[in-house]
Structures are given as C-alpha cells and as structure tokens.
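The residues making up each chain are set out below.
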Amino acid sequence: MRTKLYKWISILVLAVVLLLTGLYFARNREIIELTEVVRNQAPGRFITIDNGQVHYKLEGDPAAPLVVLVHGFSIPNYIWDNTAIKLVQNGYQVLRYDLYGRGYSDRPDVSYNRELFVSQLSQVVNKIAPETKFDLIGISMGGPIVADYAKSNPSKVKHLVLMAPLGIGADIQILGTPVIGGYIATIGMVDRIEKNLKHNFYNPDKHFPDWIEKYSYQTKIIGFRRALLSSLREYVQYDQLQVYSDLAQSELPVLLVWGEEDTIVPFSQHKDITQLIPNARLIAVENAGHVINIEGADIVNPALIEFFSEK
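Presented here is an overview of the structure given in this document.

1. Examining the overall build of the chain
Helix and strand counts for the chain come out as 13 helices and 8 strands. Taking 2.2 N^0.38 as the reference for a compact globule, 311 residues should give roughly 19 Å; the C-alpha atoms of the chain span a radius of gyration of 21 Å, in line with that estimate. Counting only C-alpha atoms and orienting by the principal axes, one finds that the chain spans roughly 85 × 45 × 40 Å. Across the 311 residues in the chain, those meeting the buried criterion constitute 51%. Of all intrachain contacts in the chain linking residues separated by at least 6 positions in sequence, the fraction that spans at least 24 positions is 77%. Surface summary for the chain: the accessible area is close to 14,800 Å², and the carbon and sulfur share equals 54%.

2. Examining the pairing of strand β7 (residues 254-259)
With 6 of its 6 residues buried, β7 lies for the most part within the structure. Of the two faces of β7, the one lined by V254, L256 and W258 and the one lined by L255, V257 and G259 are each fully buried. Here strand β6 (residues 157-163) runs beside β7; their pairing, made up of 4 bridges, is parallel. From the neighbouring strand, L160 faces β7, where its bridge partner is V254. Sheet topology places β7 next to strand β8 (residues 281-285); 5 bridges connect them, and they run parallel. Within β8, the residue paired with V257 across the bridge is I283. Tracing the backbone out of β7, into helix α11 (residues 270-276) and back to the parallel element β8 gives a crossover that is right-handed.

3. Some details on the pairing of β6
In terms of burial, β6 is a largely internal element, 6 of the 7 residues being buried. Chirality of the crossover, the property in question, places the unit of strand β5 (residues 134-139), helix α5 (residues 142-152) and β6 among those that are right-handed.

4. Concerning the side chain of N200
Take N200: it is sitting in the loop between α6 (178-195) and α7 (204-207). According to the relative accessible area criterion, N200 is buried, its value standing at 9%. Among the polar contacts listed, one links the side chain of N200 to the backbone oxygen of L197, at a separation of 2.9 Å. Not counting residues within four places of it along the chain, the set of residues in contact with N200 comprises I75, I264, G289, H290, V291 and E295.

5. Side note on the pattern of salt bridges
This structure, assessed with the given rule, holds 13 salt bridges. Taking the shortest distance from any N to any O, the salt bridge between D109 and R226 comes out at 3.8 Å. Linking D109 in the loop between β4 (93-97) and α4 (114-128) with R226 in helix α9 (residues 224-236), this pair joins segments that are 117 residues apart in sequence. Accessibility expressed as a relative area gives 66% for D109, which makes it exposed. A relative accessible area of 32% places R226 in the partly exposed class. D148 is the partner of R114 in a salt bridge, and the nearest nitrogen-oxygen pair spans 2.6 Å. Of this pair, R114 sits in helix α4 while D148 sits in helix α5; the two residues are 34 residues apart in sequence, bridging distant segments of the chain. Take R114: its relative accessible area is 32%, and that puts it in the partly exposed class. Bridged by salt links that share partners, the residues E59, D81, R96 and K214 form one connected network.

6. A look at the sheet that holds β6
Working definition: the strands of a sheet are paired by backbone hydrogen bonds and lie parallel or antiparallel to each other. Taken in spatial order, the 8 strands of this open sheet run β1-β2-β4-β3-β5-β6-β7-β8, and their pairing is mixed. A single partner strand is all that each edge strand has here, and the edge strands are β1 (45-49) and β8. Going across the sheet, the axis of each strand differs from the next one's by a mean of 25°, ignoring polarity. For strand β2 (residues 52-59) and β4, the ladder comprises 4 bridges, and the chain directions are antiparallel. Bridge assignment links E59 to a residue of β4, and that residue is V94. Lying on the sheet, helix α3 (residues 81-89) is in contact with β2, β3 (66-70) and β4; it crosses β4 at an angle near 160°.

What counts and how
Residues numbered from 1 in each chain as written. Predicted model: local features only at pLDDT ≥ 70, side-chain atom pairs only at ≥ 80, totals over all residues. Heavy atoms only, no water. Helix = DSSP H or I, 4+ residues; strand = E, 2+ residues; numbered from the N terminus. Rg over C-alpha atoms; globule rule 2.2 N^0.38 Å. Buried < 20%, exposed > 50% of the residue type's maximum accessible area, 1.4 Å probe, protein only. Contact = heavy atoms within 4.5 Å. Areas by Shrake-Rupley, 256 points an atom, 1.4 Å probe, with all protein chains shown as cover. Pairing = 2+ DSSP bridges. Right-handed = clockwise from strand over helix to strand, strands pointing away. Polar contact = N/O pair within 3.5 Å; in protein donor to acceptor, adjacent residues only side chain to side chain. Salt bridge = Lys/Arg side-chain N within 4 Å of Asp/Glu carboxyl O. Axes fitted to C-alpha atoms, helices over the stretch in contact; angles between N-to-C directions.

Shown next, in the form of structure tokens:
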C-alpha cells in the first residue's frame, strides 16, 4: 500500500514538474537575437561603450543647445517623441537613448544597478558630446539616474528636470526571491507590465491606443525580461532619496514635474523630493498621470523652454 502511494506521489510530482517546465517555455516570448540585421531596422544610430552597443537618436541643429533625455523603467526612448519634437522646434538639439536591456540597446548579462545606468549615461554623453554642457531630463527611474549623474558632474549640467522621479523603493514582493521570482518573471511579469501600461495615463483612451504595439517588439528580444528583473532587484526596490539629498549640495537649478493623478510614482512623493532639494521648483499638473511629458505636454513643454532659457 505504501509503495503504491509513493508511486502515485512520484507520478504527481513528475506531472507538476513537466507542467511547470512546459509553461515556462510556452510563456517565454523572447525569440529575437539582437543582431546587425535587427539593429539596421531601428530608427536611430548606435555607439559601442563598455557594456555593449547603445541605441540613440540625435535630432536638431548640431550648433543648438543640447538637451539629454533619459527614460524610465521599461518604456524606451520613444516615450520622448513628442518632447523631442517640441524641443527641436524651439531651437534645441536633443539626444535620447535606450537604457541597457530596453529598446534596441544591448542586454548585457550584468547587474542592472546604479553603477550600470549612471556609467551608461556618462559614457554616452562623453562619446557623443564630449565638450558640451547640456540640459538634462529624467523621467521615473530615469530621475535618480540623471540626479546621480548631475551630482557627480555639476560642471556638465546647466539645468536638471526630474519628471515623476523614483524616490522611495518599490515593493517587488515575490520577484525578489532567487528561483521562484525568476520563474514568475518568465511566465507573467512582462505580460502584466504590458497589460498595465494604460495605468501610466490618467486618460488612457486618449493616449493609449498604439502603446502595446509599440512596446511589444522589444519584449521579444532576448534578455529583456532578465534586464527588467535585475533592475527591480538591484535598483528599483531601493530608496533613492540619498541621491536627491546629495544633489542639493551641487546647487544646480532643478525643476520637478509631476502629474497629480500619478499612480505609478504617486504625486504625494513630491514632498520627499522637495524637502531634500529645497531649491527645486515644482510644477503639478492636474488630470495627468505618470507619463507627464505626454499627458501634460501643453503645460510641460512651455515650462521646459522657459526653465532652460534661464541663466
């Protein structure tokens, strides 16, 4: 009787293992190798720095003042499309790029932490605009990246803009566990992020229609999921408030822009940032969510132009 029970338990365990293994491979959407053929389809250019190739766009008059744009956790540089157009129209040159692991940039097998992202920004600007002092904008996770860079390189930055910047670390829950978290990430993390893209907007019906289609291609490039999971574990889950406190010592002019209906990095967190950076000027936009540069463009774009024009 006991032998028969052990046999059935073994069969059940094997069945569960096979089911979980099958689900793992069935839910893995990463099928595209980031080859030169794929890169040639990308709108923009590439440079090679320490951890691989970086996809970037450089738009506008080369003699115009430079603005550098850094995106957030998972939406690559197309998040800046409308911002870049307006800045170029108003006499600026604009540099934007894909963070490692996103868009068409390489997905190196490294820790996606503070050092990686700040080093990437530093190397990109040093290679593309080595002698140039520029204005700098970061949104969401890009906020602490640009703040970290600016506090260490105050002579390179003229004005700093933080759009709904990540400050308080996120609760990543089960994704933080070594084995189970990796499995969960494979079978559902990217699907969940994609499904929740609409929550970046207060009014998704107006801005959301083509965002999943735009977003999906990068998720099929091998290494995307690993990059996001590592970013959560090595960067996003940790408080970034010390970075803003350190930034305040540089006395750089700082503009803080936030949507009052932001549910990704809640608007209430602006109090933490403004306390740490007393000279930061706050622009709060009604009826706007997390992607404030798009949903609040009518207010944000003129504010950027005015801010950058100040001495």
